[in-house]
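# Observations on the model geometry
Now for the letters of each chain:
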Amino acid sequence: MPKSFSAAEHAYRFHGTTILAVRGKDRVVMAGDGQVTLNNTVVKHHAKKVRRIYKDRILVGFAGATADALNLTEKLEHKLERFNGNLTRAAVELAREWRADKILHRLEALMIAADGNTMLLISGSGDVIEPDRGVMAIGSGGVAAQAAATALLTETGLDERRIVETAMKIAASLCVFTNDQITIDELLTHE
């Protein structure tokens, strides 16, 4: 059942973002737009929603409330340390804790995490999802970004970085909560 908000809570809701990750044969590329919106006002243009954690070996991108997302990123990093960098184990443990803990369960965020081998969507409802194809997106412009990236990956010979750049521009042109001030990072994949 969707969470309902009081008029006061709804008046100060931060909206939207777009995070996109594309995995290729030799690298994974992740991007996030820079826009932060409060109601119908853009309050920031250059937010950094993609970062490296755990000895710079894991990329994370988040959509949702910033403080919540940063809290979850920190918790994921602790889990990675506990499980010696095993992203899948850390993500499953984070999702389990996130879903079960009364305080964490209130956090409003989604996260994509990727290392050289694995790309996962992690949610507070206990989801840890690996994409069928090497493309995953979240946030208000996520559907547009994922559709564009999937088409570009399937139908062109563009490299992953160009696919991500182009797909994010398409999402920014369609989603009012996504801008074209994009942060992009990439990791080499492991054989």
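Since we're looking at a predicted model, the values are computed, not measured.

We now examine the pattern of salt bridges. The tally for this structure, following the rule as stated, stands at 11 salt bridges. Among the salt bridges present, the one from R27 reaches E160, with a minimum N-O distance of 3.2 Å. Residue R27 is located in strand 3 (residues 27-32), and its partner E160 is located in helix 5 (residues 160-174); the two are separated by 133 residues in the primary sequence. Given a relative accessible area of 14%, R27 falls into the buried group. Classification of E160 by relative accessible area gives buried; the value is 11%. Close ionic contact of E165 with R162 constitutes a salt bridge, the shortest N to O distance being 3.2 Å. Here E165 and its partner R162 are both found in helix 5, 3 residues apart, which amounts to about one turn of the helix. Note on R162: relative accessible area 40%, which makes it partly exposed. Salt bridges linked by common partners bring R27, D159, E160, R161, R162, E165 and E186 together as one network.

Before going further, it helps to examine the pairing of strand 9 (residues 119-123). Counting buried positions along strand 9 gives 5 out of 5 residues, so the element sits mostly inside the fold. Where strand 8 (residues 109-114) lies against strand 9, 5 bridges are found, and the strand directions are antiparallel. By the bridge assignment for strand 9, A113 is matched with L120. Hairpin connection between strand 8 and strand 9: a loop of 4 residues separates the two successive antiparallel strands. Across 2 bridges, strand 9 lies against strand 10 (residues 128-129) in antiparallel orientation. Bridge pairing in strand 10 links L121 to I129. Counting the residues in the hairpin turn of strand 9 and strand 10 gives 4 residues, including G126, whose phi is positive at 95 degrees.

Before going further, it helps to spend a moment on the sheet that holds strand 2 (residues 18-23). The sheet built from 4 strands is open, its strands ordered 11-2-3-12 with antiparallel pairing. In the strand order of this sheet, the two ends are held by strand 11 (135-139) and strand 12 (183-188), each with one partner. Direction aside, the axes of adjacent strands within the sheet are offset by 10 degrees on average. Across 6 bridges, strand 3 lies against strand 12 in antiparallel orientation. What sits directly across from R27, in strand 12, is L188. The strands touched by helix 4 (residues 142-155) are strand 2 and strand 11; relative to strand 11, the strand with the most contacts, the crossing angle is about 165 degrees.

This paragraph deals with the confidence of the model for the protein chain. Per-residue confidence for the protein chain gives a mean pLDDT of 86; residues scoring 70 or more make up 88%. Note on residues 1-14: pLDDT is under 50 here. Beyond four places in sequence and across chains, it has 18 contacts.

Packed helices, taken two at a time, are described by their axes: the angle between them and the distance between them. It is at 8 Å that the axes of helix 2 (residues 66-82) and helix 3 (residues 87-100) come closest, and there the two elements cross at 130 degrees. By the angle between their directions, the pair helix 2 and helix 3 is classed as oblique. In this structure, helix 2 crosses over helix 3, and the sense of that crossing is right-handed. From helix 2, L72, K75, L76, K79, L80 and R82 reach across to helix 3, where they touch L87, A90, A91, E93, L94, E97 and W98. Class assignment of the residues belonging to the contact of helix 2 with helix 3 gives a composition of 8 nonpolar, no polar and 5 charged.

Rules behind the numbers
- Residues numbered from 1 in each chain as written.
- Predicted model: local features only at pLDDT ≥ 70, side-chain atom pairs only at ≥ 80, totals over all residues.
- Heavy atoms only, no water.
- Salt bridge = Lys/Arg side-chain N within 4 Å of Asp/Glu carboxyl O.
- Helix = DSSP H or I, 4+ residues; strand = E, 2+ residues; numbered from the N terminus.
- Buried < 20%, exposed > 50% of the residue type's maximum accessible area, 1.4 Å probe, protein only.
- Pairing = 2+ DSSP bridges.
- Axes fitted to C-alpha atoms, helices over the stretch in contact; angles between N-to-C directions.
- Contact = heavy atoms within 4.5 Å.
- pLDDT = per-residue confidence, 0-100.
- Parallel < 35°, antiparallel > 145°, perpendicular 65-115°, else oblique.
- Left-handed = near helix turned anticlockwise from the far one by under 90°.
- Nonpolar A, V, L, I, M, F, W, Y, C, P; charged D, E, K, R; others polar.

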